[in-house]
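Take a look at the letters that make up each chain.
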Amino acid sequence: MPPPPTLTKQKSGLAALREKRNWLIHMLYVRQDYDACLETIDEALKEARGMSEYPIYVKALIKRQRGEIQESLQLFQAATCLNPHNICNLKQVGRSLYLLGRHKAAIDVYDEAQRIGIDDWEIWHNKGLCNLYLKQYEAAAEALKRANAIQRHDATYMQLGKVYTLQEDYRTAIEVYLEALEFSPENPEILTTVGLLYLRLGENYKAFDFLGNSLTHDPRNPKTILAAGSIIQDHSDMDVALVKYRVAAVQTPNSAQLWNNIGMCFFGKQRYVASIACLKRALYLDPFEWIISYNLGLVHLNTGQYASAFHYFSTSINLKPDFPSSYMYLAVTLNRLDDFENACSAYEKAIDMEEDHLFELNYSITLANNEEFERSRDHFLEFETLFQKLDDEAKNNDAEVLEMRQLLSSTLGVPLGSLSSAAQPPPANAVHSNAPELQAEAPSPG
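Here the structure is a predicted model, which means the values were calculated and not measured.

Q: Just checking my understanding: could you explain unusual backbone geometry for this structure?
A: Leave glycine aside and you will find that most residues have negative phi; peptide bonds, for their part, are mostly trans. Of note in the backbone geometry, Lys 135 takes a positive phi value of approximately 65° without being a glycine. In this fold, Lys 135 is placed in the loop between helix H8 (121-133) and helix H9 (137-150). A relative accessible area of 63% means that Lys 135 is categorised as exposed.

Q: Would you mind going over the packing of helix H13 (residues 204-217) against helix H14 (residues 222-234) with me for this structure?
A: For any two helices packed against each other, the geometry comes down to the angle between their axes and how far apart the axes lie. Relative to each other, H13 and H14 sit at 145°, their axes nearing to 10 Å. Between H13 and H14 lies a crossing whose hand is left-handed. Along its contact with H13, which presents Asn 204, Ala 207, Phe 208, Leu 211, Ser 214 and Leu 215, the element H14 presents Thr 224, Ile 225, Ala 227, Ala 228, Ile 231 and Ile 232. Across the contact of H13 with H14, the residue classes break down as nine nonpolar, three polar and no charged.

Q: I tried to follow the pattern of salt bridges on my own but got confused; where do I start?
A: As a working rule, side chains carrying opposite charge can pair if their charged atoms are close by. Taken as a whole and judged by the stated rule, the model has 15 salt bridges. Glu 374 is paired through a salt bridge with Arg 377; the nearest N and O atoms lie 3.0 Å apart. Placement of both Glu 374 and Arg 377 in helix H23 (residues 373-388) is noted, with a separation of three residues, approximately one turn of the helix. With relative accessibility at 52%, the residue Glu 374 sits in the exposed group. A residue is classified by how much of its surface remains accessible, and Arg 377, at 4% relative accessible area, is buried. Look at the salt bridges and you will find they share partners, linking Lys 91, Asp 120 and Glu 122 into a network.

Q: Would you mind going over the nonpolar core with me for this structure?
A: Side chains that are nonpolar tend, in soluble globular proteins, to be buried together. Membership of the largest hydrophobic core comes to 92 residues, with the highest contact counts inside it found for Ile 262, Tyr 294, Phe 313 and Met 328. Beyond its immediate chain neighbours, meaning those up to four positions away, Phe 313 contacts Tyr 294, Gly 297, Leu 298, Leu 301, Ser 326, Tyr 329, Leu 330 and Thr 333. Grouped together as the second largest cluster of nonpolar side chains are 31 residues, Ile 56, Ala 60, Ile 62 and Ile 107 included.

Q: In this structure, what is going on with the packing of aromatic side chains? I would like to understand it.
A: What the rule picks out here adds up to 15 aromatic pairs. Between the aromatic rings of Tyr 29 and Tyr 34, the centroid separation amounts to 5.8 Å while the plane-to-plane angle is 45°, which identifies the pairing as tilted. Neither Tyr 29 nor Tyr 34 differs from the other in exposure class; each is buried. Considering the side-chain rings of Phe 267 and Tyr 272, the 5.8 Å spacing of their centres and the 50° angle between planes classify their relative orientation as tilted. What links up through ring pairs into an aromatic cluster is the set Trp 290, Tyr 294, Phe 313, Phe 323 and Tyr 329. The cationic tip of Lys 349 hangs over the ring face of Tyr 327; the distance from NZ or CZ to the ring centre is 5.8 Å.

Rules used throughout
Residues numbered from 1 in each chain as written. Predicted model: local features only at pLDDT ≥ 70, side-chain atom pairs only at ≥ 80, totals over all residues. Heavy atoms only, no water. Helix = DSSP H or I, 4+ residues; strand = E, 2+ residues; numbered from the N terminus. Buried < 20%, exposed > 50% of the residue type's maximum accessible area, 1.4 Å probe, protein only. Axes fitted to C-alpha atoms, helices over the stretch in contact; angles between N-to-C directions. Left-handed = near helix turned anticlockwise from the far one by under 90°. Contact = heavy atoms within 4.5 Å. Nonpolar A, V, L, I, M, F, W, Y, C, P; charged D, E, K, R; others polar. Salt bridge = Lys/Arg side-chain N within 4 Å of Asp/Glu carboxyl O. Core = buried A, V, L, I, M, F, W, Y, C linked by side-chain atoms within 4.5 Å. Phe/Tyr/Trp six-rings, centres within 6.5 Å; stacked < 30°, edge-to-face > 60°. Lys NZ or Arg CZ within 6 Å of the ring centre and 35° of its normal.

So this is what it looks like as structure tokens:
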């Protein structure tokens, strides 16, 4: 039975009253004239006695853009009460909950939106983000894949790749990004991310290819310049790397990673004062970045400032205790400070963490310098075992290693290439080698 004519007229009149200012609210909002928009919204809500959905919705959007997330959440919830079947309201409630860090509550809202609506890309994407922050990586990956199945977006590919990167499944992450490049081949952010992943896997040529392609589309992207510069720097072309970093410094003058890399460029050019100045600026910008302290330790070790080197290596170890090279360089520093016992402990710690021919060689040199010839011979034989496993290029890569190997061989009476423990002991009048420990330049990651 249809309602009486008078009641229908009343309802249509109320609806017209509630909606008569919507066009003005929309126009002011898209013009970003938010103050005038809020005044118009308050007038519209006063006339409609707070029962108009659209003004409340737009006011919530403005509040959220101004950083008032809690107020926006309350307004979106009020709009949902007025029209509980509007999917847009529920999506905005979920978004506000996500921004407040209430990820489980946001997922519940998105589930409710899916129950009353159709499959929506935005809902699946945001559910994936919530699961990502809850560290539920499988659920996050599944939600993001469902989002891409509905409609492909660069943002979804980036987050899906991030899920696999956080799980250290770099190959799968690269596959995701390469699929994204088929959809959006000129996206510099995706190109840079692929380059960085190849750099992490040690495939520098592929990394440089993607980073160069990214710079073609965005030549001033500081993140890309930093990564490309680090590859150039690893190939000892310090001047070209510094030219790249000069461009990045204009865009991001307060980047700790940038100043760290600049400092290591000066270190490679043996300009130690400039190197220390740049590294200390990096340390000021990010005092908890372990690689900066590690690099400062290296520079001070090379300049003979052993107390300062000890301080920075100790700091680096406290910040990242699972990096074995820090212990090896700490051992070198302690030996220079005449603390032989603790130097041996640091060497043992480094060797326990990783088999490295340089650790064994330096330990052997330190023991020989302190007339511990039996122990020195044992570690030299360990060095020989590891050294023989290297390929020819790696063996001949460092002339100083070959020189120290020859010197220790003659000092300890161990024939080169001999892996037998029955080598002859050094003669009683053996010359004290007093050989310096080797110091390899530290990597400076971008």
